[in-house]
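Analysis of the macromolecular model
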Amino acid sequence: MEIKVISFGQIAEITGKEFMVEAVDLESLKLYLIQKFPELSDRKFAFAVNKKLVQENIILNQNDVVALMPPYSGG
């Protein structure tokens, strides 16, 4: 499944802001990202799929957009 990945903040500095990748679920995407960008292995980040924060592993669909979100704090 080809999906679009967009990144923000410190994560974008490592991965670039936007790219396409093949992944069937979030777990396989995370493994791919850590393999391609080893600096991510010691970084915390969250996934948002189609603008919804996701904390569990979900199946990805063609043309999904996955955002890599760095830790954030409110104020």
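Everything quoted here is computed from the prediction, not taken from an experiment.

1. A word on the side chain of threonine 15
- You can see threonine 15 is positioned in helix α1 (residues 9-15).
- Since its relative accessible area comes to 11%, threonine 15 is described here as buried.
- Of note is the side chain of threonine 15, whose polar atom sits 2.8 Å from the side chain of serine 7.
- Sequence-distant contacts of threonine 15, that is, excluding residues within four places in its chain, are made with Ser7, Phe37 and Leu40.

2. Quick word on the layout of surface pockets
- In this structure, the largest pocket occupies an estimated 300 Å³ of space.
- Lining the largest pocket we find 15 residues, and of these Phe45, Ala46, Phe47, Val54 and Gln55 sit closest to its centre.
- Counting residues per element, the ones that place at least two in the lining of the largest pocket are α2 (26-36), β3 (46-49) and β4 (52-54).
- Its residues assigned to classes, the lining of the largest pocket comprises 10 nonpolar, 2 polar and 3 charged.

3. Description of the sheet that holds strand β5 (residues 65-69)
- Spatially, 5 strands are ordered β2-β1-β5-β3-β4 in an open sheet, and the strand pairing comes out mixed. A strand with exactly one partner marks an edge of an open sheet, and here the two such strands are β2 (18-22) and β4. Between one strand axis and the next, the sheet turns through 35 degrees on average, direction left out of account.
- Here 4 bridges tie strand β1 (residues 2-7) to β5, and the two strands are oriented parallel to one another. When the bridges of β5 are listed, serine 7 appears paired with leucine 68.
- On top of the sheet, α2 reaches β1, β2, β3, β4 and β5; it is set at about 130 degrees to β3, its chief contact.

4. Quick look at α2
- Taken together, the buried positions of α2 are Leu26, Leu29 and Leu33. Axial view of α2: buried residues confined to an arc of 60 degrees, hence all on one face. Those residues of α2 that are exposed and aimed more than 90 degrees away from the buried face are Leu31 and Gln35.
- Taken together, the buried residues of α2 touch β1, β2, β3, β4 and β5.
- Residue aspartate 25 occupies the N-cap position of α2, its side-chain oxygen lying 3.4 Å from the main-chain nitrogen of glutamate 27.

About the thresholds
- Residues numbered from 1 in each chain as written.
- Predicted model: local features only at pLDDT ≥ 70, side-chain atom pairs only at ≥ 80, totals over all residues.
- Heavy atoms only, no water.
- Helix = DSSP H or I, 4+ residues; strand = E, 2+ residues; numbered from the N terminus.
- Buried < 20%, exposed > 50% of the residue type's maximum accessible area, 1.4 Å probe, protein only.
- Polar contact = N/O pair within 3.5 Å; in protein donor to acceptor, adjacent residues only side chain to side chain.
- Contact = heavy atoms within 4.5 Å.
- 1 Å grid on protein atoms, 1.4 Å probe; cavity = no way out; pocket = protein on both sides within 12 Å on 5 of 7 lines; lining within 4 Å.
- Points joined across faces, edges and corners; volume = space filled by probe spheres on them.
- Nonpolar A, V, L, I, M, F, W, Y, C, P; charged D, E, K, R; others polar.
- Pairing = 2+ DSSP bridges.
- Axes fitted to C-alpha atoms, helices over the stretch in contact; angles between N-to-C directions.
- Arc of directions from axis to C-beta.

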